[in-house]
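What the coordinates show
Given next are the chains, with one letter for each unit.
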Amino acid sequence: MVERADVNDLETEPEADPRPRLSGTPSDLGFVVLFSSEGSEHLGAWIPVPEGRANLLGRGAPREGDEVSKLEPVRQRPGDARRVPPFSQPALSRAQLLVKRLGSEMLLIENVGRCRVAVNGVETRQTTLGPGDLVEVGSQLLLICALRPRELAGPAEGLHEFGRADSYGFVGESPAAWRLRADVAAVAPRVGHVLILGATGTGKELVAMALHSRSGAGKLTSRNAATLPEALVDAELFGNLKNYPNPGTPDRPGLIGAADGGCLFLDEFAELPQSAQAHLLRALDHGEYQRLGEASVRHSRFRLIAATNRPESALRRDLLERFDFRLRVPTLSDRLEDIPFIARHLLASMAAEAPELCSKFAGADGLPKLSLSFVARLARHPFEGNVRELRSLLWAALHEAPGDGWLEWPRSATSHAEPQWSQPPAAIPTTELASGVREQIASVLEACGGNQRRAAEMLGMPRRTLVRRIAELGIPRPRKPTD
């Protein structure tokens, strides 16, 4: 019998808002390194941009007497943020990017170095950017602007090697990846059934295996619910007496009986027919069930771990109420900064599966290297199949690669639809500043009582543009009128 637990604080967001959450700690805005021409040393490094005056990003460490502070990369993990060596590529200028934080979710960057700079594929000298924007610095660096909590949630004990798979096979150093690890660590030792939600290819089975392993429960019984024939669902779940319903039918304990003392993992759980979902209710409440053809009631002390890529509405409401915990597995779009790590992990498994295919690559670790342009396209690609789709794309790139050690975007994948990046917003030129734009916006804002939507309509510009202008020009919030 499984007892219910009051653990609402451990449940993920409602279905209507599946976006990843930042933890309750204060957050910083900055960059994550997706590609560095120096190799993997800086891969995944976090470069926070402090509020206040402008900062420099470029080659070398800060020097005593520098007039402008220099941004330094760190490897951020739960309870730890260790500095990594500064960038040392000769092609990078010591002062390559001038970066200033404008508000909580906007950065102003200016290229003051020798390398060409592009934002979302469009070359620029000066522009604003926000979370999700990609910055290419020549052929040396690919950065993604990100908003991160200052302290990552997650178990700090037994940390795996940075960027590699943990002991359960899960890869990722992003806040979303660590938040999932934290949820697994919190839920695993508790008593109660677990529903794992997530799109196809996100790694729900890995999460289920980690939950069972960390729980210390007995054996794990697994089955894909989509493979259960509708006419035999009850027999598969609850078992049947020998010779029932037909002579010669073998005696079967059923999945619930087989899971007694351990965990039952049912993948594709929402594929169960509604009738079978109803039959599970008593078993989930009290562990009681009956084998087909048997009058006596049996008991099984089991924990159900169910996974589905369908919305929660595909399940009966009374069945959903039997799950004490719901974990949501993030998509690749929720953790773009993990894509280079996941790609490297997949390539390592491919090299083991097809050594003859990978033997033409002579990298230091025997793996093909991903070019900056390849990583940039990966970060822009709409991965509907998530990790499975990434794996297929890497196989295609391997087959088409010329064998010079680098992987480029496969020609066979060019037909896939990708989001089109718009021109980066231009910074305000000094002539516009001199023409009194600041005063005009401030005046309209004050007349509208600070209502940005109404002010944007009066000024004839999109609200997003107005918000950007307010941040760039440092326009203060209008004071509320007093009586």
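From a predicted model like this one, the values you see are computed outputs, not experimental measurements.

Section: the overall build of the chain
Across its full length, the chain holds 15 helices and 22 strands. Here the chain holds 483 residues, and the buried ones make up 49% of them. Sequence-distant contacts, at least 24 apart, represent 67% of the contacts inside the chain between residues at least 6 apart. Within the structure as shown, the chain displays about 23000 Å² of accessible surface, and the carbon and sulfur contribution to it stands at 49%.

Looking at the pairing of strand β20 (residues 325-328)
Of the two faces of β20, the one holding Phe325 and Leu327 and the one holding Arg326 and Arg328 are both buried throughout. The pairing of strand β14 (residues 194-197) with β20 spans four bridges and is parallel. Paired with isoleucine 196 across the strands is leucine 327, a residue of β20.

A closer look at the confidence of the model for the chain
Taken over all residues, the pLDDT of the chain has a mean of 84, while the share at 70 or more is 84%. Ranking the elements of the chain by mean pLDDT puts helix α12 (residues 430-434) last with 39 and β14 first with 98. Low pLDDT, under 50, characterises residues 1-23; the stretch is placed with 57 contacts to residues that sit more than four places away or in other chains. Low pLDDT, under 50, characterises residues 415-435; the predicted model gives this stretch 34 contacts beyond four residues in sequence or across chains.

Quick look at the packing of aromatic side chains
Per the stated rule, a full pass over the model turns up four aromatic pairs. Arranged with centres 5.7 Å apart and planes meeting at 90 degrees, the rings of phenylalanine 162 and phenylalanine 341 form a pair that is edge-to-face. Here phenylalanine 341 lies in helix α8 (residues 339-353) and phenylalanine 162 lies in the loop between β13 (141-149) and α1 (175-187), a separation of 179 residues in the sequence. Taken individually, phenylalanine 162 and phenylalanine 341 each receive the classification buried, so the pair is uniform in this respect. Between the NZ or CZ atom of arginine 181 and the centre of the ring of tryptophan 178, over which it lies, the distance is 4.5 Å.

Thoughts on the sheet that holds strand β16 (residues 263-267)
Taking strand neighbours across the sheet as the criterion, the five strands line up as β15-β16-β19-β14-β20 in an open arrangement whose pairing is parallel. Among the strands making up the open sheet, the edge pair consists of β15 (220-224) and β20. The sheet shows a mean angle of 15 degrees between the axes of neighbouring strands, taken without regard to direction. Note that β15 and β16 share five bridges and pair parallel. The partner of serine 222 across the bridge, within β16, is phenylalanine 265. Here α1 sits on the sheet and contacts β14, β19 (303-308) and β20; the angle it forms with β20, its principal contact strand, is near 160 degrees.

Structural notes on the pairing of strand β8 (residues 107-111)
Only one face of β8 is buried: it carries Leu107, Ile109 and Asn111, and the other face, with Leu108 and Glu110, is open. Of the strand pairs in this sheet, strand β7 (residues 97-101) and β8 are connected by five bridges, and their pairing is antiparallel. By the bridge assignment, lysine 100 is partnered in β8 with leucine 108. Adjacent in sequence and paired antiparallel, β7 and β8 are bridged by five residues, among which glycine 103 carries a positive phi angle near 75 degrees. Of the pairings in the sheet, the one linking β8 to strand β11 (residues 126-129) comprises four bridges and is antiparallel in character. Counterpart to isoleucine 109 in the pairing with β11 is threonine 127.

Focus: helix α11 (residues 386-400)
Under the 1.5 Å per step criterion, the end-to-end length of α11 is 21 Å for 15 residues, consistent within 8% with the ideal 21 Å. Its buried side turned inward, α11 meets α8, α9 (355-358), β21 (369-370), α10 (372-380) and β22 (406-407).

Here's the deal with the sheet that holds strand β4 (residues 69-70)
Sheet strands line up and pair through hydrogen bonds in the backbone, either parallel or antiparallel. One open sheet holds the five strands; their spatial order is β4-β3-β7-β8-β11, and the pairing between them is mixed. Since the sheet does not close on itself, it has two edges, and those belong to β4 and β11, each with one partner.

Observations regarding the side chain of aspartate 166
Inspection of the secondary structure puts aspartate 166 in the loop between β13 and α1. Engagement of the side chain of aspartate 166 in a polar contact is seen with the backbone nitrogen of tyrosine 168, the distance being 2.9 Å. Engagement of the side chain of aspartate 166 in a polar contact is seen with the backbone nitrogen of phenylalanine 170, the distance being 2.9 Å.

Quick notes on the rules
Residues numbered from 1 in each chain as written. Predicted model: local features only at pLDDT ≥ 70, side-chain atom pairs only at ≥ 80, totals over all residues. Heavy atoms only, no water. Helix = DSSP H or I, 4+ residues; strand = E, 2+ residues; numbered from the N terminus. Buried < 20%, exposed > 50% of the residue type's maximum accessible area, 1.4 Å probe, protein only. Contact = heavy atoms within 4.5 Å. Areas by Shrake-Rupley, 256 points an atom, 1.4 Å probe, with all protein chains shown as cover. Pairing = 2+ DSSP bridges. pLDDT = per-residue confidence, 0-100. Phe/Tyr/Trp six-rings, centres within 6.5 Å; stacked < 30°, edge-to-face > 60°. Lys NZ or Arg CZ within 6 Å of the ring centre and 35° of its normal. Axes fitted to C-alpha atoms, helices over the stretch in contact; angles between N-to-C directions. Expected span 1.5 Å × (residues − 1). Polar contact = N/O pair within 3.5 Å; in protein donor to acceptor, adjacent residues only side chain to side chain.

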